[in-house]
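The lines below spell out each chain.
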Amino acid sequence: YEDHGSGRPIVLVYGWTCSSRFWQKNIPELSKKFRVVALDLRGHGNSSKILTGHTIDQYARDVREVMEYLDLRDVLLVGWSLGGPVVLSYYQQYAADSRLKALGLVDTDPFPFSPAEWNSHALKNYNVNAMNEMFKTYAADPLAFATGFTKNMFKEGKASESDLGWIPAELTKTPPWIALAAYSDYMMADHTGVLSTIDIPVIVFAADSNIFKQGIAMGRGIAGQIPRSTFIPFEDAGHLLFYEQPATFNKALADFFDQHK
């Protein structure tokens, strides 16, 4: 994990096969005012490539372990993409936890296999056959898959040459067998029931991209199920909205946390 700045803590949890490096445009600014902790989940980034425990619920317990180790309290816990269900699982497992002050959900899907109308995932409605085909494509050439995945994360697929260099390299730090185990659990884990139970403030960010074609509509639908939610759509960014428009994201997140002391 990385630990920057001082003040009220923000803990950042990224998406599938990513790493703390994805917050590179957010940590420097946010850490001027807050203590920002960004961890690499097991099997990802610079963390050890252990073969067990690659489930949303275990990732949430790993986040808990870091927060306990650092004795973080009154935390804004933020999850992007696969990190969103990790945050929801954390709340589900530790709902009475006084360490939490607020939550952040960034362009995420609480149940990718859901047949519900709000769901914008390409594999919605339990499309196991398409998932298996995706897994075969990924396993055959992880770097090529990561390159395509990188393009899909940006608005209209417009990734720079620089981003097409470092991002696939970072994604492929996660071994394929770990990536597939984690994604499989992510697809099948239903955290929609958690949304209506959350009694602390939640900020929800969303954008449209080739990851979630109707991401803004989905984000609005998710926010509508959370009692104390604030919804922030990003019309001019994609799945990497916090990287594409860091100033807007950083200000929105900081203002939200300032409002809930």
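Caption draft 1: How the structure looks around the layout of surface pockets. In this structure, the largest pocket occupies an estimated 340 Å³ of space. For the largest pocket, the lining is made up of 16 residues, of which H121, M134, F149, Y183 and I211 are closest to its centre. Elements that contribute at least two residues to the lining of the largest pocket include exactly α5 (142-153) and α7 (176-188). The element best represented in the lining of the largest pocket is α5, accounting for three residues. A class-by-class count of the residues in the lining of the largest pocket yields 11 nonpolar, five polar and no charged. When its volume is computed, the second largest pocket comes out at roughly 280 Å³. Lining the second largest pocket are Y1, L39, D40, L41, R42, S47, S48, D62, E65 and V66. Here the lining of the second largest pocket is composed, by residue class, of four nonpolar, two polar and four charged.

Caption draft 2: Expanded view of empty space enclosed by the protein. Using the criterion set out here, one finds one cavity of 30 Å³ or more in the structure. In this structure, the largest cavity occupies an estimated 40 Å³ of space. Contributing to the lining of the largest cavity are W16, T17, Y138, P142, F145, A146, F149, L171 and T172. If you tally residues by element for the lining of the largest cavity, the top one is α5, at four residues. Residues belonging to the lining of the largest cavity are distributed by class as follows: seven nonpolar, two polar and no charged.

Caption draft 3: Quick peek at the packing of aromatic side chains. Applying the stated rule across the entire model yields 22 aromatic pairs. When the ring of F205 is compared with that of F249, the centres are 4.6 Å apart and the planes differ by 45 degrees; the resulting orientation is tilted. Residue F205 is located in strand β6 (residues 202-207), and its partner F249 is located in helix α11 (residues 246-259); the two are separated by 44 residues in the primary sequence. In this structure, F205 and F249 share a single accessibility class: buried. Cluster of aromatic residues (ring-pair linked, three or more members): F22, W23, W80, F154, W166, F205, F234, F242, Y243 and F249. Above the face of the Y243 ring, K25 is positioned so that its terminal group lies 3.9 Å from the ring centre. Sitting over the face of the ring of Y94, R64 holds its NZ or CZ atom 4.4 Å from the ring centroid.

Caption draft 4: Region of the structure containing α5. Over its 12 residues, α5 runs 16 Å from end to end, which matches the ideal 16 Å to within 8%, given 1.5 Å per residue. Considered for burial, the residues of α5 that qualify are F145, A146, F149, T150 and M153. In a view along the axis of α5, the buried residues occupy a sector of 140 degrees, so they form one face of it. In this structure, the buried side of α5 is in contact with β4 (75-80), α4 (128-140), α6 (163-171) and α10 (241-244).

Each value, and the rule that gives it
- Residues numbered from 1 in each chain as written.
- Predicted model: local features only at pLDDT ≥ 70, side-chain atom pairs only at ≥ 80, totals over all residues.
- Heavy atoms only, no water.
- 1 Å grid on protein atoms, 1.4 Å probe; cavity = no way out; pocket = protein on both sides within 12 Å on 5 of 7 lines; lining within 4 Å.
- Points joined across faces, edges and corners; volume = space filled by probe spheres on them.
- Helix = DSSP H or I, 4+ residues; strand = E, 2+ residues; numbered from the N terminus.
- Nonpolar A, V, L, I, M, F, W, Y, C, P; charged D, E, K, R; others polar.
- Phe/Tyr/Trp six-rings, centres within 6.5 Å; stacked < 30°, edge-to-face > 60°.
- Buried < 20%, exposed > 50% of the residue type's maximum accessible area, 1.4 Å probe, protein only.
- Lys NZ or Arg CZ within 6 Å of the ring centre and 35° of its normal.
- Expected span 1.5 Å × (residues − 1).
- Arc of directions from axis to C-beta.
- Contact = heavy atoms within 4.5 Å.

Purely geometric stuff here, so don't read any function into it on its own.
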